[in-house]
Amino acid sequence: MYLKSLEVQGFKSFPDKTLIRFGDDITAIVGPNGSGKSNISDAILWVMGEQSTKTLRGAKMEDVIFGGTQKRAAVGFAEATLTLDNTDRALPYDADEVMVTRRYYRAGESEYLINGHTSRLKDIQELFFVTF
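Now for a description of the structure that goes with this document.

1. Comments concerning the sheet that holds strand S5 (residues 110-114)
In step 1: Here six strands make up an open sheet; going across it, the order is S2-S1-S3-S4-S5-S6 and the pairing antiparallel. The two strands at the open ends of the sheet, each matched to only one other strand, are strand S2 (18-21) and strand S6 (117-119). Across the sheet, the mean angle separating the axes of adjacent strands is 20° when strand polarity is ignored.
In step 2: Those strands touched by helix H1 (residues 37-47) are strand S1 (2-9), S2, strand S3 (77-85) and strand S4 (97-105), and its axis lies near 80° from that of S3.
In step 3: Here helix H2 (residues 121-129) sits on the sheet and contacts S3, S4, S5 and S6; the angle it forms with S5, its principal contact strand, is near 40°.

2. Quick word on the environment of Lys 17
In step 1: Locating Lys 17 in the fold gives a position in the loop between S1 and S2.
In step 2: Owing to a relative accessible area of 56%, Lys 17 belongs among the exposed residues under this scheme.
In step 3: For the pair Lys 17 and Asn 86, spaced 69 residues apart in sequence, the C-alpha to C-alpha distance is 24 Å.
In step 4: Among residues more than four places away in sequence, those in contact with Lys 17 are Glu 7, Val 8 and Gln 9.

3. A closer look at the side chain of Asp 85
In step 1: In this structure, Asp 85 sits in strand S3.
In step 2: For the buried Asp 85, no salt bridge is present, and the opposite-charge side chain at shortest range is Lys 4, 4.6 Å distant.
In step 3: Within the structure, the side chain of Asp 85 is placed 2.8 Å from the side chain of Thr 87, a separation counted as a polar contact.
In step 4: If near-sequence neighbours (up to four positions away) are discounted, Asp 85 is found in contact with Met 1, Tyr 2, Lys 4 and Asp 96.

4. What about the nonpolar core?
Note that soluble globular proteins tend to have their nonpolar side chains buried in a common cluster.
In step 1: By size, the foremost hydrophobic cluster in this structure holds 27 residues, and its most contacted members are Leu 6, Trp 46, Val 64 and Phe 128.
In step 2: In this view, Leu 6 contacts Thr 18, Leu 19, Ile 20, Phe 22, Ile 40, Ala 43, Ile 44, Ala 80, Thr 81 and Leu 82; residues no more than four positions away in its chain are not counted.

5. Remarks on H1
Structural remark: α-helix, 3.6 residues per turn; residues separated by three or four positions point the same way.
In step 1: Every buried residue of H1 is listed here: Asn 39, Ile 40, Asp 42, Ala 43, Trp 46 and Val 47. One side of H1 carries all its buried residues, which in axial view fall inside an arc of 165°.
In step 2: Elements in contact with the buried residues of H1: S1, S2, S3, S4 and H2.
In step 3: Gly 49 occupies a position one or two residues after H1 and carries a positive phi of about 110°.

Rules used in this analysis
- Think of each chain on its own: its residues are numbered from 1, step by step along the sequence as written.
- Totals for whole chains, interfaces and linings use every residue, but because this is a predicted model, local features are given only for residues with pLDDT of at least 70 and side-chain atom pairs only at 80 or more, for both listing and counting.
- The basis for every side-chain value is the complete set of heavy atoms in the structure, and neither hydrogens nor water enter the calculation.
- Any two strands with at least two DSSP bridges between them are considered paired.
- By definition, any uninterrupted DSSP run of H or I lasting at least four residues is a helix, any uninterrupted run of E lasting at least two residues is a strand, and each is numbered from the N terminus.
- Lines fitted to C-alpha atoms define the axes here, with helix axes fitted over just the stretch in contact, and angles between the N-to-C directions of these axes take values from 0 to 180 degrees.
- Here, residues are in contact when the closest pair of their heavy atoms is within 4.5 Å.
- To sort residues, take the accessible area from a 1.4 Å probe on protein chains only and compare it with the maximum for the residue type: under 20% means buried, over 50% means exposed, and anything in between is partly exposed.
- Here Asp and Glu are counted as negative and Lys and Arg as positive; His is not counted, and neither are the chain ends.
- Salt bridges are counted wherever a side-chain nitrogen of Lys or Arg sits within 4 Å of a carboxyl oxygen of Asp or Glu.
- The definition of a polar contact used here is a pair of N or O atoms within 3.5 Å, where within protein one atom must be able to donate a hydrogen and the other to accept one, and adjacent residues in sequence count solely through side-chain atom pairs.
- By nonpolar core is meant a set of buried Ala, Val, Leu, Ile, Met, Phe, Trp, Tyr and Cys residues that side-chain atoms within 4.5 Å join together.
- To obtain the arc, one takes the directions from the helix axis to the C-beta atoms.

Right, here's the structure in full:
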């Protein structure tokens, strides 16, 4: 099992849909201060079910949603999708690729999906439980 990609939209400093592909040759993510490096690790934690806003460096869950700037309007939701290679079946899911998605809307509703199918937070936690 390995991390193939992370796609975020409306998450913290990523208002637009952004795809980050990982490979076995990536050892670090570098960039200037304020470029979103920490937000990438926050998105990974968040999609895996993190519930602590303090851990996600925020005061409330709404803080994960892009809040806008002088030039960009705020968005109404945050979404992150983690794609994992599961050809070795390290995750207890019968698919070569597992995509875990989390959405959070400004109104307070949230959604979890595994390979496009609606899931519960408990399902996400159980999926990753075997990896810890």
